[in-house]
Amino acid sequence: MINSIGIIGAGQMGNGIAHVTALAGIDVLLLDAKPEAVEKAIVTIGKNIDRQVAKGAVTAQAKVDALARIRVAADYTALAHADLIIEAATEKEDVKRAIFKAVQPHLRDDTILATNTSSLSVTRLGAATGRADRFIGMHFFNPVPVMKLVEIIRGIATSEATYETIAELSRRLGKTTAMSEDYPGFMANRILMPMINEAVYALYEGVGTITAIDTTMKLGCNHPMGPLELADFIGLDTCLSIMQVLLDGLSDTKYRPCPLLVKYVEAGWLGRKTGRGFYDYSVTPAKPTR
Ligand SMILES: NC(=O)c1ccc[n+]([C@@H]2O[C@H](COP(=O)([O-])OP(=O)(O)OC[C@H]3O[C@@H](n4cnc5c(N)ncnc54)[C@H](O)[C@@H]3O)[C@@H](O)[C@H]2O)c1
């Protein structure tokens, strides 16, 4: 049973994971390479739980208790007693490898390591840790407190006991799980990203405008967000890097990233986080950029 979790990376995913685990009664140690990111994460968590309190989904006391369970870890030694480490740092393989290498010597032998990677090979990351049987992918979705799924990715060496522990924890967090084998993009991004990329191709080839493409998928296919709106929400750099992982890992040209997606990323138009992507967010309502 998992009672204490170390979360490495306190960005948008790390703060969401800390939020749901602390509310579920688990002790959280939060660590980031940038100390200010942890401070910002704790403020964000407080504000996000306030919204749940206002809706009556969470009591004011539960908020106080949850925030008291979140502590800042100054360095890896603070994670020595954690039952589980969830790595939610930047989506770069060298960054994640360096984190696992550095944290490993401080952990108990039975501590499980999980990565929230959206696309990198769980088997390859696990193999470099020396505890591949206790290594797993725990893929949360953004925003974590709202999205109901945890996609659990088993590396080739992940043990049944590790899988069961993580599946049980996910249920305790109120999430439904779906198990994926460890292939590029797993399930969600293997299916979602080619659709988003195809929507960018439809725009690139002039099949439809941004508004027409998003309206078609929302009203014609009952998607809650259009694919271009969703791409802006995820981040166009993230979309591009996942397409690159699919192309490299599956060696099929059907996964080639649309040149227009590449151009937006080169321009620094990364979506909501930079204020401009397929839509311009400096005006309300957001205005299509093509
Ligand atoms: N954004 C999404 O929709 C989404 C969804 C599912 C999974 N993910 C995955 O979650 C992970 C984090 O994504 P995010 O959107 O939260 O990114 P983010 O940029 O918001 O946060 C990443 C954090 O990691 C920190 N970091 C970088 N190097 C570090 C290190 N060596 N040690 C400790 N902290 C370090 C950064 O300072 C930053 O605060 C990525 O692997 C991403 O693919 C993202």
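In the block above lies the structure referred to throughout.
Given the structure is predicted, the values throughout are model-derived calculations rather than measurements.

Participant: Honestly, the pattern of salt bridges in this entry has me stumped. Any pointers?
Facilitator: Pairing is possible between side chains that carry opposite charge, provided their charged atoms lie close to one another. Summed over the entire model, instances satisfying the criterion amount to 12 salt bridges. For Glu91, the salt bridge identified is with Lys96, shortest N-O distance 3.8 Å. Relative accessible area serves as the criterion here: at 1%, Lys96 is assigned to the buried category. Across the pair Asp109 and Arg134 runs a salt bridge, and its minimum N-O distance is 3.4 Å. Taken as a pair, Asp109 in the loop between helix 4 (93-103) and strand 5 (112-115) and Arg134 in the loop between helix 5 (122-127) and strand 6 (135-140) lie far apart in primary sequence, 25 residues in all. Assessed through its relative accessible area of 18%, Arg134 is described here as buried.

Participant: Sorry if this is basic, but what is going on with helix 11 (residues 259-266) here?
Facilitator: Each full turn of the α-helix corresponds to 3.6 residues, which orients residues three or four apart in the same direction. Those residues of helix 11 lying buried are Leu260, Leu261 and Tyr264. Mapping the buried residues of helix 11 onto a view down its axis gives an arc of 105°, with all of them on the same face. Within helix 11, the exposed residues directed more than 90 degrees away from the buried face are Lys263 and Glu266. Directly after helix 11, the chain includes Gly268, whose backbone phi takes a positive value near 80°.

Participant: Got a minute to help me understand the packing of helix 7 (residues 188-204) against helix 10 (residues 236-250) in this structure?
Facilitator: Geometry of a packed helix pair, given as the angle between the helix axes and the separation of the axes. Running from N to C, helix 7 and helix 10 cross one another at 115°; their axes reach a closest spacing of 10 Å. With respect to each other, helix 7 and helix 10 are oriented roughly perpendicular. The two elements helix 7 and helix 10 meet at a crossing, and its hand is left-handed. For the pair formed by helix 7 and helix 10, the contact residues are Asn189, Arg190, Met193, Pro194 and Asn197 on the first element and Cys239, Ile242, Met243, Leu246 and Leu250 on the second. In terms of residue class, the contact of helix 7 with helix 10 is made up of 7 nonpolar, 2 polar and 1 charged.

Participant: I keep staring at the packing of aromatic side chains and nothing clicks. Help me out?
Facilitator: We describe a pair of aromatic rings using the distance from one ring centre to the other and the angle between the two ring planes. What the rule picks out here adds up to 5 aromatic pairs. Residues Phe100 and Phe135 carry aromatic rings whose centres are separated by 5.0 Å and whose planes lie at 75° to one another, so their mutual orientation is edge-to-face. Placement of the pair is Phe100 in helix 4 and Phe135 in strand 6, with a sequence separation of 35 residues. The two residues Phe100 and Phe135 agree in class, both being buried. For the ring pair Tyr264 and Trp269, a centre distance of 5.3 Å and an interplane angle of 75° mean the geometry is edge-to-face. Of the residues examined, Tyr264 reaches a relative accessible area of 3% and is grouped as buried.

Participant: Just checking my understanding: could you explain the nonpolar core for this structure?
Facilitator: Within soluble globular proteins, side chains that are nonpolar generally end up buried alongside one another. One finds Ile5, Leu30, Leu84, Ile86, Met138, Phe140 and Leu169 to be the most contacted residues of the largest nonpolar core, which totals 35 residues. Examining the composition of this core, we find that 5 residues originate from one element, helix 1 (residues 12-23), more than from any other. Other than its neighbours up to four places away in sequence, Leu30 contacts Ile7, Ala10, Gly14, Ala18, Val38, Ala41, Ile42, Ile70, Arg71, Val72 and Ala73. One finds Met193, Ala202, Leu230 and Leu260 within the second-largest nonpolar core, a separate group that totals 25 residues.

Participant: What exactly am I supposed to notice about the layout of surface pockets here?
Facilitator: Empty space left among the atoms is revealed by rolling a probe the size of a water molecule over them. When its volume is computed, the second largest pocket comes out at roughly 400 Å³. Around the second largest pocket, the lining is made up of 18 residues, and of these His19, Asn48, Gln52, Pro145 and Val146 lie nearest the centre. Listing elements by their share of the lining of the second largest pocket, those giving two or more residues are helix 1 and helix 2 (35-55). Top element by residues in the lining of the second largest pocket is helix 2. It accounts for 4 residues. Of the residues assigned to the lining of the second largest pocket, the class counts are 10 nonpolar, 4 polar and 4 charged.

Participant: Looking at this model, I keep getting lost on the site of the ligand. Mind explaining?
Facilitator: Neighbouring residues of the ligand: 21 residues in total, closest Met13, Asp32, Glu91, Lys96 and Ser118. In the environment of the ligand, an oxygen atom lies 2.6 Å from a nitrogen or oxygen atom belonging to the side chain of Asp32. Here the ligand has 840 Å² of accessible area as a free molecule, and 80% of this is covered by the chains. When contributions to the shell around the ligand are tallied by element, the ones reaching two or more residues are helix 1, helix 4 and strand 6. Here the shell around the ligand takes 3 residues from helix 4, the largest share from any one element. For the shell around the ligand, a count of residues per class yields 9 nonpolar, 9 polar and 3 charged.

Criteria and cut-off values
- Residues numbered from 1 in each chain as written.
- Predicted model: local features only at pLDDT ≥ 70, side-chain atom pairs only at ≥ 80, totals over all residues.
- Heavy atoms only, no water.
- Salt bridge = Lys/Arg side-chain N within 4 Å of Asp/Glu carboxyl O.
- Buried < 20%, exposed > 50% of the residue type's maximum accessible area, 1.4 Å probe, protein only.
- Helix = DSSP H or I, 4+ residues; strand = E, 2+ residues; numbered from the N terminus.
- Arc of directions from axis to C-beta.
- Axes fitted to C-alpha atoms, helices over the stretch in contact; angles between N-to-C directions.
- Parallel < 35°, antiparallel > 145°, perpendicular 65-115°, else oblique.
- Left-handed = near helix turned anticlockwise from the far one by under 90°.
- Contact = heavy atoms within 4.5 Å.
- Nonpolar A, V, L, I, M, F, W, Y, C, P; charged D, E, K, R; others polar.
- Phe/Tyr/Trp six-rings, centres within 6.5 Å; stacked < 30°, edge-to-face > 60°.
- Core = buried A, V, L, I, M, F, W, Y, C linked by side-chain atoms within 4.5 Å.
- 1 Å grid on protein atoms, 1.4 Å probe; cavity = no way out; pocket = protein on both sides within 12 Å on 5 of 7 lines; lining within 4 Å.
- Points joined across faces, edges and corners; volume = space filled by probe spheres on them.
- Near = heavy atom within 4 Å.
- Polar contact = N/O pair within 3.5 Å; in protein donor to acceptor, adjacent residues only side chain to side chain.
- Areas by Shrake-Rupley, 256 points an atom, 1.4 Å probe, with all protein chains shown as cover.

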